[in-house]
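# Descriptive structure summary
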Amino acid sequence: MAETLLLGTLRDYCKQFEDHLAALRDRHQDLQTAWLRLRDVYEGQGAQVFSEAFEAASARLTDYAERGSQITRQLEAKLEELRIFQAE
């Protein structure tokens, strides 16, 4: 049986979401690397304020990526269930 429009569209969405999460992780890693280099030379109250804000934002990005991965796994499981249902 051919893949339905619904299943194909949901698969495309899942792939785009996975690509989004991968790009986010890569950019986050680049920012972390840049911050580690800057942190070694940046001093003063401004450095402290920036450090706190950066660490908070970094934690939120990590949480978003982790939750996104959970969503992706759930979506993939539901896509497989839909594929099996449509094949019957």
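We now turn to the structure provided with this report. (Residues numbered from 1 in each chain as written. Predicted model: local features only at pLDDT ≥ 70, side-chain atom pairs only at ≥ 80, totals over all residues. Heavy atoms only, no water.)

### Considerations on the overall build of the chain
- The number of helices and strands found in the chain is two helices and zero strands.
- The C-alpha radius of gyration computed for the chain amounts to 20 Å, which surpasses the reference 12 Å derived for 88 residues by more than 25%, pointing to a less compact arrangement than a globule.
- When the backbone C-alpha atoms are referred to their principal axes, the chain occupies close to 65 × 15 × 15 Å.
- Taking all 88 residues of the chain together, 23% fall into the buried category. (Helix = DSSP H or I, 4+ residues; strand = E, 2+ residues; numbered from the N terminus. Rg over C-alpha atoms; globule rule 2.2 N^0.38 Å. Buried < 20%, exposed > 50% of the residue type's maximum accessible area, 1.4 Å probe, protein only.)

### A few points about the pattern of salt bridges
- In the structure shown here, the tally under the stated rule is five salt bridges.
- For Asp 19, the salt bridge goes to Lys 15, with nearest N and O atoms at 2.7 Å. Note that Asp 19 and Lys 15 are positioned in helix H1 (residues 5-39) at a spacing of four residues, about one turn of the helix.
- Asp 19 gets classed as partly exposed once you look at its relative accessible area, which sits at 39%.
- Judged by its relative accessible area of 47%, Lys 15 falls in the partly exposed class.
- Put simply, Asp 63 and Arg 67 hold a salt bridge, and the shortest N to O gap is 3.0 Å. Placement of the pair is Asp 63 and Arg 67 together in helix H2 (residues 45-87), with a separation of four residues, close to one helical turn.
- Since its relative accessible area comes to 52%, Arg 67 is described here as exposed. (Salt bridge = Lys/Arg side-chain N within 4 Å of Asp/Glu carboxyl O.)

### Re the nonpolar core
- Judged by nonpolar contacts, Leu 7, Cys 14, Leu 75, Leu 79 and Leu 82 together constitute the single largest core of five residues.
- Ranked by the residues each element gives to this core, the list is headed by H2, at three residues.
- Excluding residues that lie within four positions of it along the chain, Leu 7 makes contacts with Leu 79, Leu 82, Arg 83 and Gln 86. (Core = buried A, V, L, I, M, F, W, Y, C linked by side-chain atoms within 4.5 Å. Contact = heavy atoms within 4.5 Å.)

### What to know about H1
- Along its 35 residues, H1 runs 50 Å from first to last C-alpha, staying within 8% of the 51 Å computed at 1.5 Å per residue.
- Taken residue by residue, H1 has Leu 7, Gly 8, Cys 14, Phe 17, Leu 21, Leu 24, His 28 and Trp 35 as its buried positions. (Expected span 1.5 Å × (residues − 1).)

### With respect to the packing of H1 against H2
- Here H1 crosses H2 at 160 degrees, and the two axes come no closer than 9 Å. The angle between the axes of H1 and H2 places the two elements in the roughly antiparallel class. Crossing handedness for the pair H1 and H2: left-handed.
- The residue makeup of the contact of H1 with H2, split by class, is 20 nonpolar, 10 polar and six charged. (Axes fitted to C-alpha atoms, helices over the stretch in contact; angles between N-to-C directions. Parallel < 35°, antiparallel > 145°, perpendicular 65-115°, else oblique. Left-handed = near helix turned anticlockwise from the far one by under 90°. Nonpolar A, V, L, I, M, F, W, Y, C, P; charged D, E, K, R; others polar.)

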